[in-house]
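Observations on the three-dimensional arrangement
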Amino acid sequence: MVNFNGELVEGNGTILNADNRGLQFGDALFERLRVVNGDVFFLEEHYLRLMSSMRILRMVIPMNFTMEFMEAEILRLISKINADKGYEIKFTVYRNSTKKDAANVNSISYVITAKELEHTFFTINTGDYEVELYKDFYKNSTMLSNLETTNKILYTVAEIYANENDYDDCLLLNERKQVVETLKGNIFLVKDKCIKTPPLTDGCLNGVLRKKLMDIIAKLEDYQLLEESISPFELQKADEIFLTNSIDGIVSITKYRKKNFNDVAAKALIGKLNAAARLSLTKTV
């Protein structure tokens, strides 16, 4: 079951035509959100990021496309499945097709899909999570790289490389050979009492959980937050490395080459992240 422009249709039905711009040109954006028991985590942050991204891509935003509308459309889909569970929601917006060029397109469509979550709140992974640098192609350090678009060819070929070499994830570099993120989310590096994450100007994704965790770390007395570029040479000197995304929360990286990492900071932060998630629910009630 999917929500296509407000109409609930079977998930295996045909809803996209061959000229779809998201399919043909990657002319689409998406938000991945957690919904648990009918509550949308960090709804306002996801909505504002989507609106900002649509404006950057010069998509026309319908007058009724409010935060309340976005929430209602997500929950309408969930109610037809089972509202009492946790779901990963993918809310995709794309520019409608036309026989003319993109400059004449003045409307958008949306598709909402749901996948059941294993855990209702964020948990720390307990198994091995090994990563390696991916150096065949680079991510450009431009504003477009900050957006969550459907153009994921770099991530696809890097994931194939990771699978072929038995890695759980890969670290992506920009054209200046700075570490910007992993295939699964934003990266944080811990050394002594400093927690560092790359700035958006390096080309990393403008992740909702990245910003939320930065706000949390900035208020801590035990750690100093640094928004600075990360060199590949820093990786093996780090005490800890973890990634963040809106579905998994925090994922601890356990190994990079010959270096094994701890998860002290990640464990200290996961409870605070769950508290922030619960707080976000009370703000939208």
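Keep in mind that this is a model prediction, so the values were computed, not measured.

Rules used throughout
- Position numbers for residues count from 1 along each chain, tracking the sequence in the order it is written.
- Where local features are concerned, this predicted model is filtered to residues with pLDDT of at least 70; where side-chain atom pairs are given and counted, the filter is 80 or more; whole-chain, interface and lining totals use all residues.
- Side-chain figures throughout are based on the complete set of non-hydrogen atoms in the structure, without hydrogens or water.
- When the centres of two rings from Phe, Tyr and Trp lie within 6.5 Å, Trp using its six-membered ring, the rings pair. Their planes under 30 degrees apart give stacked, over 60 give edge-to-face, and anything left gives tilted.
- Secondary structure is summarised from DSSP: a helix means a run of H or I of at least four residues, a strand means a run of E of at least two, and numbering begins at the N terminus for each.
- Relative accessibility thresholds used throughout: buried, under 20% of the residue-type maximum; exposed, over 50%; partly exposed, between the two (1.4 Å probe, protein chains only).
- By definition here, charges over rings are those cases where NZ of Lys or CZ of Arg is within 6 Å of the ring centre and within 35 degrees of the ring normal.
- Here the expected span of a helix is defined as 1.5 Å times the quantity of residues minus one.
- Should any heavy atoms of two residues lie within 4.5 Å, those residues are counted as being in contact.
- By salt bridge we mean one thing: a side-chain nitrogen of Lys or Arg within 4 Å of a carboxyl oxygen of Asp or Glu.
- Strand pairing is defined by DSSP finding a minimum of two bridges between the two strands.
- In this description, a line fitted to the C-alpha atoms serves as the axis of each element, helices being fitted only across the stretch in contact, and the angle between N-to-C directions of two axes falls anywhere from 0 to 180 degrees.
- Looking down the strands as they point away from the viewer, one classifies a crossover as right-handed if the path from the first strand across the helix to the second runs clockwise.
- Cavity means a closed set of points on a 1 Å grid over the protein atoms alone, one where a 1.4 Å probe fits but cannot get out, pocket means an open set with protein on both sides within 12 Å along at least 5 of 7 lines, and lining means a residue has an atom within 4 Å of a point.
- Grid points are joined across faces, edges and corners, and a volume is the space filled by probe spheres set on the points.
- For this classification, Asp, Glu, Lys and Arg are treated as charged, while Ala, Val, Leu, Ile, Met, Phe, Trp, Tyr, Cys and Pro are nonpolar and the rest, including Gly, are polar.

**Here's the deal with the packing of aromatic side chains**
For the structure shown, the criterion picks out ten aromatic pairs. Both rings, one in phenylalanine 41 and one in phenylalanine 121, keep their centres 5.3 Å apart while their planes meet at 45°; by these two values the pair is tilted. You can see phenylalanine 41 sitting in the loop between β4 (39-40) and α2 (43-56) and its partner phenylalanine 121 sitting in the loop between β6 (108-116) and β7 (130-139), a full 80 residues away along the chain. Look at phenylalanine 41 and you get buried, because its relative accessible area is 2%. Phenylalanine 121 gets classed as partly exposed once you look at its relative accessible area, which sits at 27%. Lying over the aromatic face of phenylalanine 30, lysine 90 brings its terminal NZ or CZ to 4.4 Å of the ring centre. One cation-aromatic arrangement involves arginine 278 over phenylalanine 121; the distance from NZ or CZ to the ring centre is 5.5 Å.

**Some remarks on helix α3 (residues 67-79)**
Counted at 1.5 Å a residue, the expected span for α3 with its 13 residues is 18 Å, and the 18 Å between its end C-alpha atoms agrees. Among the residues of α3, those classed as buried are Phe69, Met70, Glu73, Ile74, Leu77 and Ile78. Where α3 is buried, its residues touch β1 (2-4), β2 (7-9), β3 (28-36), α2, β5 (86-95) and β6.

**A few points about the pattern of salt bridges**
Inspection of the entire model under this criterion finds 18 salt bridges. Among the ionic pairs, glutamate 45 bridges to lysine 212, the shortest N-O distance being 2.9 Å. Of this pair, glutamate 45 sits in helix α2 while lysine 212 sits in helix α5 (residues 208-218), placing them 167 residues apart in sequence. Exposure remark for lysine 212: the relative accessible area of 17% places this residue in the buried category. Note that lysine 196 is salt-bridged to glutamate 228, the shortest N-O span being 3.8 Å. Pair noted here: lysine 196 is in strand β11 (residues 194-197) and glutamate 228 is in the loop between β12 (224-227) and β13 (240-245), with a separation of 32 residues, a long-range link.

**A look at the sheet that holds β2**
Strand pairing within a sheet occurs via backbone hydrogen bonds; the two strands may be parallel or antiparallel. As summarised here, the arrangement of the six strands in space is β2-β1-β6-β5-β3-β4, forming an open sheet in which the pairing is antiparallel. A single partner strand is all that each edge strand has here, and the edge strands are β2 and β4. Across nine bridges, β3 lies against β5 in antiparallel orientation. When the sheet's bridge partners are listed, alanine 28 is paired in β5 with tyrosine 94. Of the strands in this sheet, β1, β2, β3, β4, β5 and β6 touch α3, which is tilted by about 45° from β6.

**Overview of the pairing of β12**
As defined by bridge partners, β11 adjoins β12 across four bridges and the pair is classed as parallel. The residue of β12 that forms the bridge with isoleucine 195 is leucine 225. The handedness of the β11 to β12 crossover, carried by α5, is right-handed.

**Concerning the layout of surface pockets**
Here the largest pocket is characterised by a volume of approximately 570 Å³. In terms of lining, the largest pocket is formed by 25 residues, of which the most central are Phe30, Arg32, Glu148, Lys152 and Leu183. Residue assignment for the lining of the largest pocket shows that the elements contributing at least two residues are β3, α4 (153-164), β9 (179-182), α5 and β13. When residues in the lining of the largest pocket are grouped by element, the largest group, three residues, is from α4. For the lining of the largest pocket, the residue count by class is seven nonpolar, nine polar and nine charged.

**Points about α4**
Helix length check: α4, at twelve residues, gives a terminal C-alpha distance of 17 Å against a target of 16 Å (1.5 Å per residue), a fit within 8%. Trailing α4 by a residue or two, aspartate 166 shows a phi angle of about 60°, which is positive.

**Considering the environment of threonine 201**
Relative to the helices and strands, threonine 201 resides in the loop between β11 and α5. A relative accessible area of 57% means that threonine 201 is categorised as exposed. Placed 63 residues apart in sequence, threonine 201 and valine 264 show a C-alpha to C-alpha distance of 28 Å. When residues no more than four places from it in sequence are discounted, the contact partners of threonine 201 are Ser141 and Arg176.

**Looking at the environment of asparagine 163**
The topology assignment puts asparagine 163 in helix α4. Through-space distance from the C-alpha of asparagine 163 to that of methionine 59 is 35 Å; in sequence the pair is 104 residues apart.

**Quick look at unusual backbone geometry**
Phi is positive for lysine 177, which is not a glycine, with a value near 60°. By the element assignment, lysine 177 lies in the loop between β8 (169-174) and β9.

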